Amino acid sequence: MLNSDTLRRLWIDLLSGFALLTRLPLPDHAPRGAEQAWGWPLVGAVVGAMAGAVGSAAHGVGLPAGVTAALVLAALAALTGGLHEDGLADTADGLFGGWTKERRLEIMKDSRIGSYGALALIFAGLAKWSALVSILTAGGLIPALIAAGAMSRAMMAVVMAALPPARATGLAHSVGRPSAAVALVATGLGLVIAVLAFGGVGVAMLIAGLITTLGLVMLARAKIGGQTGDILGATQQLADLAALSMVAAALT
């Protein structure tokens, strides 16, 4: 039986996760730092459910699957303030646009978008849109978005535990580094949500997300020696795409 102090800490962790990863209005609270990462899959599941509700409503009034998928992508970006999309663009610009660690980090900190970042957003957006259209056609939009949202946020905790912050300032440094146990709990929670949503396909979603995340971890370690908030955003976007692709493949 959980006591009141433990329940209060869990509640604060969830509030902290929503405050960090979304733009939803929340009550005032004192965040606990990186240890909140265990709850990020729950944040992703809620964001996915809300975007899925938008998509279901649009599909229910007869909008084409392509238009509905675009509205879902817009809802996802609005709920998070484009946080993860910005991370993907900055990661692509920094990792592939600089020749030294210092220059790559400098590029990633620049708010302007370059050609690598624009291409990353275009290609990832088109791929995710295509997966969503397939899922909409076959049915299962809300479960897919809940599962992918949960699993992709769990992968962010994995990256934070696997790599140290690449710079002494910034979001990743200020939040801190979660323990391996916290990352494991986040991964387990993401898997449970994915399996509850899609059964055995949920396992395939996790495997695809882990493979994608491992590739990004290796690239980030080689290019900048660690992770940043932008790397975490890119992790979410790529793991989300991998998970939705698994669902689309299973349903078609």
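No experiment lies behind these values; they were computed from the predicted model shown. (Residues numbered from 1 in each chain as written. Predicted model: local features only at pLDDT ≥ 70, side-chain atom pairs only at ≥ 80, totals over all residues. Heavy atoms only, no water.)

### Some thoughts on the overall build of the protein chain
Consideration 1: A tally of helices and strands in the protein chain yields eleven helices and zero strands.
Consideration 2: Listing each helix as α and each strand as β along the protein chain from the N terminus yields α-α-α-α-α-α-α-α-α-α-α.
Consideration 3: Computed over the C-alpha atoms, the radius of gyration of the protein chain is 17 Å, within 12% of the 18 Å expected from 2.2 N^0.38 for a compact globule of 252 residues.
Consideration 4: Put simply, the protein chain has 252 residues, and 48% of those count as buried.
Consideration 5: A separation of at least 24 residues holds for 74% of the contacts in the protein chain among residues at least 6 apart in sequence.
Consideration 6: A total of about 11000 Å² of accessible surface is found on the protein chain, and carbon and sulfur atoms cover 69% of it.
Consideration 7: Charged side chains of the protein chain number 15 positive and 13 negative; the gap between the two group centres comes to 5 Å. (Helix = DSSP H or I, 4+ residues; strand = E, 2+ residues; numbered from the N terminus. Rg over C-alpha atoms; globule rule 2.2 N^0.38 Å. Buried < 20%, exposed > 50% of the residue type's maximum accessible area, 1.4 Å probe, protein only. Contact = heavy atoms within 4.5 Å. Areas by Shrake-Rupley, 256 points an atom, 1.4 Å probe, with all protein chains shown as cover. Lys, Arg positive; Asp, Glu negative; His and termini not counted. Charge placed at Lys NZ, Arg CZ, Asp CG, Glu CD.)

### So, the packing of helix α4 (residues 83–97) against helix α5 (residues 101–109)
Consideration 1: With their axes 8 Å apart at the nearest point, α4 and α5 run at an angle of 155 degrees to one another. In terms of axis orientation, α4 runs roughly antiparallel to α5. Relative to α5, α4 is oriented so that their crossing is right-handed. Of the residues in α5, those touching α4 at Asp-90, Thr-91, Asp-93, Gly-94, Leu-95 and Gly-97 are Arg-104, Ile-107 and Met-108.
Consideration 2: Taken together, the residues that form the contact of α4 with α5 break down as three nonpolar, three polar and three charged. (Axes fitted to C-alpha atoms, helices over the stretch in contact; angles between N-to-C directions. Parallel < 35°, antiparallel > 145°, perpendicular 65-115°, else oblique. Left-handed = near helix turned anticlockwise from the far one by under 90°. Nonpolar A, V, L, I, M, F, W, Y, C, P; charged D, E, K, R; others polar.)

### A short note on the packing of helix α2 (residues 40–60) against helix α9 (residues 180–198)
Consideration 1: Where α2 contacts α9, the two axes come as close as 8 Å, and the packing angle between them is 30 degrees. Contacts between α2 and α9 involve Pro-41, Leu-42 and Ala-45 on the former and, on the latter, Ala-186, Leu-189, Gly-190 and Ile-193.
Consideration 2: A per-class count over the contact of α2 with α9 returns six nonpolar, one polar and no charged.

### Overview of the side chain of Asp-93
Consideration 1: Positionally, Asp-93 belongs in helix α4.
Consideration 2: Buried and unpaired, Asp-93 has no salt bridge, with Arg-112 as the nearest side chain of opposite charge at 9.2 Å.
Consideration 3: Among all residues touching Asp-93, those that are not within four sequence positions of it are Gly-98, Ile-107, Arg-112, Ile-113, Gly-114, Ser-115, Tyr-116 and Gly-117. (Salt bridge = Lys/Arg side-chain N within 4 Å of Asp/Glu carboxyl O.)

### Some remarks on the packing of aromatic side chains
When we look at a pair of aromatic rings, we describe it by the centre distance and by the angle of the planes.
Consideration 1: The final tally for this structure, using the stated rule, is one aromatic pair.
Consideration 2: Residues Phe-96 and Tyr-116 carry aromatic rings whose centres are separated by 6.1 Å and whose planes lie at 40 degrees to one another, so their mutual orientation is tilted. With Phe-96 in helix α4 and Tyr-116 in helix α6 (residues 115–138), this residue pair connects regions lying 20 residues apart in the sequence.
Consideration 3: The class for Phe-96 is partly exposed, based on a relative accessible area of 45%. (Phe/Tyr/Trp six-rings, centres within 6.5 Å; stacked < 30°, edge-to-face > 60°.)

### Things to note about the confidence of the model for the protein chain
Consideration 1: Predicted confidence across the protein chain gives a mean pLDDT of 93, with 97% of residues reaching 70 or more.
Consideration 2: Within the protein chain, helix α3 (residues 65–80) carries the highest mean pLDDT (98), whereas helix α8 (residues 171–175) carries the lowest (67). (pLDDT = per-residue confidence, 0-100.)

### Re α4
Consideration 1: Across its 15 residues, α4 extends 21 Å between first and last C-alpha, which sits within 8% of the 21 Å expected from 1.5 Å per residue.
Consideration 2: Burial analysis of α4 places eleven of its 15 residues in the buried class, which makes it a mostly covered element.
Consideration 3: Along α4, the residues that are buried comprise His-84, Glu-85, Gly-87, Leu-88, Ala-89, Asp-90, Thr-91, Ala-92, Asp-93, Gly-94 and Leu-95. (Expected span 1.5 Å × (residues − 1).)

### Quick look at the nonpolar core
Nonpolar side chains in soluble globular proteins tend to end up buried together.
Consideration 1: Judged by nonpolar contacts, the single largest core of 62 residues is most densely connected at Trp-40, Leu-145, Ile-231 and Leu-244.
Consideration 2: Looking at this core, the element that brings in the most residues is helix α7 (residues 141–162), giving twelve residues.
Consideration 3: Discounting chain neighbours no more than four positions away, the residues touching Ile-231 are Thr-91, Leu-95, Met-108, Val-159, Leu-216, Ala-220 and Ile-224. (Core = buried A, V, L, I, M, F, W, Y, C linked by side-chain atoms within 4.5 Å.)

### So, a nonpolar patch on the surface
Consideration 1: Among the surface-exposed residues, Val-54, Val-61, Leu-63, Val-67 and Leu-71 lie close enough to one another that they form a single nonpolar patch of about 380 Å² accessible area.
Consideration 2: Here Val-61 is to be found in the loop between α2 and α3.
Consideration 3: Judged by its relative accessible area of 67%, Val-61 is exposed. (Patch = residues over 30% accessible without salt bridge, like charges linked within 9 Å, V, L, I, M, F, W, Y side chains within 5 Å.)

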